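Read off the chains here:
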Amino acid sequence: MKLENNNNRQLVLPLISDCEVEYKEIVKQNWKFTFSRQYLTSVNTKRVIGLIIAQMKEEGEMRDFYQVRAADIIRKTDVAKEEVYRTMRETIFELVHVAFFFEDAKNHEIIPRHLLDTTRFENPASYKNGVLTVALNPTLRDIIMQLAHYSQFELDSYMKFSSWYSMRLWELLSAFKDTGWWYSPIEEYRELMGCGIAYDNKGNQRKEKDGSVKYMKYQNNSMMIKKTTAEPIIDFAGSDLEFVVNPVYEERSGRGRPRIIGVRFDLVFHQLSAIEKIEYWSANNEKFAKAVERLRKWKISDENIVKYTHVIGSERINQLLYSWQIKNTSKDPIGNPLVYCNKVFVAEGKQAIAKKMSDKLKA
């Protein structure tokens, strides 16, 4: 079945209260959410996905409800209570209209599911005293909790953006840090960025006067690419998701301007040398810097550190470091760390990448 968000609402959450909320620094977002059709909403509504998923654990059951302080959403200071209330009122309205359509055209089956569970009596989806409570539809549990395929992005950076387009591209490009580039067919990119085909209330495509398909925003593809990337280009400058974007044209001969058939993003960070990447990551992540220091003591090359550290993960790296330390005190110590440790590290990295790709294909 195909998951589509078929409504013009997305997601949001809450300001000042005693509500205790703990977020993870690195958000792991379900790929089905990341690459589902998206619609433009308020920035506050868009932030909800990051804030809810940041509370989720990779194991266990989905909670009956999630809470987020209004202060975690509305980042402005000295906001009047009336304005906070109006903002959260708009947020709830958007939330209640978020719907997913599971469609199987082959079997002539359509199943709609709303994101919110509005049937709860205890801790219902609501806003009160600076806290927004979100009770998710339990029928979406498998979609929400299936975190085998995810995009990783830093929650703090994500929440600082004031542009919906920046938040959206941050999610998408985070999925391509390994490759350093992303190509998307133009129609797919439109759907992902909230500029897709416009539909009427019956689900039929809307048309322009000349009979061409009508889009929700920006009929011209070149203008659409420019508008959806202008703010992200500024917001991502200097980060590891800084990018260069170019339209991709069809190959044709003869007169007339060729048609845009896709869009390509190339990450500037990916073009840096291994040592430049390590310096950047180390300056922004103390844990990574300490891990690099320990790995270099075991002669792990900078190239392998860059290529495999993030995919292997800190927990497994600590296990490897400990195993090497134990082996070095045994009757069969490591004679040549440069050869032995790099071989083990590369094998571990390739295994992690293979698992990630296998999981992606199963999604």
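Residues numbered from 1 in each chain as written. Predicted model: local features only at pLDDT ≥ 70, side-chain atom pairs only at ≥ 80, totals over all residues. Heavy atoms only, no water.

**Points about the overall build of the protein chain**
What the protein chain contains, in helices and strands, is 14 helices and eleven strands. Residues classed as buried in the protein chain amount to 43% of the 363 residues present. Carbon together with sulfur atoms contributes 50% to the accessible area of the protein chain, which is approximately 20,600 Å² in total. (Helix = DSSP H or I, 4+ residues; strand = E, 2+ residues; numbered from the N terminus. Buried < 20%, exposed > 50% of the residue type's maximum accessible area, 1.4 Å probe, protein only. Areas by Shrake-Rupley, 256 points an atom, 1.4 Å probe, with all protein chains shown as cover.)

**Looking at helix α9 (residues 221–235)**
The terminal C-alpha atoms of α9, which comprises 15 residues, lie 22 Å apart, in line with the 21 Å expected from a rise of 1.5 Å per residue. Along its length, α9 shows its largest kink, about 35 degrees, at T229, and proline P232 lies within four residues downstream of that point. Those residues of α9 that fall on the buried side of the exposure criterion are N221, M224, I225, T228, T229 and P232. Lining the buried residues of α9 we find α7 (164–174), α8 (186–192), β10 (243–249) and β11 (260–267). (Expected span 1.5 Å × (residues − 1). Bend = angle between axes of the 7 residues up to and from the residue. Contact = heavy atoms within 4.5 Å.)

**Considering helix α13 (residues 314–328)**
Between its first and last C-alpha atoms α13 spans 21 Å; for 15 residues at 1.5 Å apiece the expected length is 21 Å, and the two agree. Residues of α13 that are buried: I317, L320, L321 and W324. End-on, the buried residues of α13 take up no more than an arc of 95 degrees, which puts them together on one face. Relative to its buried face, α13 has exposed residues pointing more than 90 degrees away, namely E315 and Y322. (Arc of directions from axis to C-beta.)

**Section: the nonpolar core**
Core analysis: the largest hydrophobic core is formed by 27 residues, its most contacted members being L169, L173, W182, Y189, F236, F243 and F265. For this core, the element with the most residues is α7, which contributes seven residues. In contact with F243, other than residues within four places in its own chain, are L169, L173, T229, P232, I233, F236, F265, D266, L267 and V268. In terms of nonpolar packing, the next biggest core, distinct from the first, is built from 23 residues, L51, L136, L140 and M159 among them. (Core = buried A, V, L, I, M, F, W, Y, C linked by side-chain atoms within 4.5 Å.)

**Overview of the packing of helix α10 (residues 274–284) against helix α12 (residues 302–312)**
Look at α10 against α12: their axes get within 8 Å of each other, and the N-to-C directions meet at 50 degrees. Relative to α12, the element α10 is oriented oblique. Considering the relative orientation of α10 and α12, their crossing is left-handed. Across the interface between the two elements, A274, I275, K277, I278 and W281 of α10 pack against D302, E303, I305, V306 and H310 of α12. Residues of the contact of α10 with α12, tallied by class, amount to six nonpolar, one polar and three charged. (Axes fitted to C-alpha atoms, helices over the stretch in contact; angles between N-to-C directions. Parallel < 35°, antiparallel > 145°, perpendicular 65-115°, else oblique. Left-handed = near helix turned anticlockwise from the far one by under 90°. Nonpolar A, V, L, I, M, F, W, Y, C, P; charged D, E, K, R; others polar.)

**Regarding the sheet that holds strand β7 (residues 131–134)**
Pairing within the open sheet is antiparallel, and its three strands lie in the order β3-β7-β6. Two strands bound the open sheet, and with one partner strand each, they are β3 (66–69) and β6 (126–128). For this sheet, the mean inter-axis angle between neighbouring strands, taken without regard to orientation, is 20 degrees. With three bridges connecting them, β6 and β7 associate as antiparallel partners. Considered in β7, the bridge of S126 is made with T133. (Pairing = 2+ DSSP bridges.)

**Examining the pairing of strand β9 (residues 181–185)**
Side chains W182 and S184 of β9 all project onto a buried face; the interleaved residues W181, Y183 and P185 project onto a face where none is buried. Where β9 and β11 come together, five bridges link them in antiparallel fashion. What sits directly across from W181, in β11, is D266.

**Here's the deal with the packing of aromatic side chains**
In the structure shown here, the tally under the stated rule is 14 aromatic pairs. Taken together through their ring pairs, the aromatic side chains of F161, W170, F176, W182, Y189, F236, F243 and F265 make up a single cluster. When the ring centre of Y215 is taken as reference, the NZ or CZ atom of R190 above it lies at 3.7 Å. (Phe/Tyr/Trp six-rings, centres within 6.5 Å; stacked < 30°, edge-to-face > 60°. Lys NZ or Arg CZ within 6 Å of the ring centre and 35° of its normal.)

**Here we look at the environment of F176**
By secondary structure assignment, the location of F176 is in the loop between α7 and β9. We classify F176 as buried; its relative accessible area is 14%. Residues F176 and L267, spaced 91 residues apart in sequence, show a C-alpha to C-alpha distance of 8.7 Å.

**Re the environment of P258**
With respect to the element layout, P258 can be found in the loop between β10 and β11. Each C-alpha atom, one on P258 and one on V248, is 9.6 Å from the other, the two residues being ten residues apart in sequence. In contact with P258, not counting residues within four places along its chain, are Y249, E250 and R252.

**Comments concerning the confidence of the model for the protein chain**
Averaged over every residue, the pLDDT of the protein chain is 78; residues scoring 70 or more account for 78%. Low pLDDT, under 50, characterises residues 1–18; the predicted model gives this stretch 102 contacts beyond four residues in sequence or across chains. (pLDDT = per-residue confidence, 0-100.)

**Side note on unusual backbone geometry**
The backbone of N123 sits at a positive phi, close to 50 degrees, despite the residue not being glycine. With respect to the helices and strands, N123 occurs in the loop between β5 (109–114) and β6. Unlike most non-glycine residues, N129 shows phi in positive territory, near 50 degrees. Within the secondary structure, N129 is located in the loop between β6 and β7.

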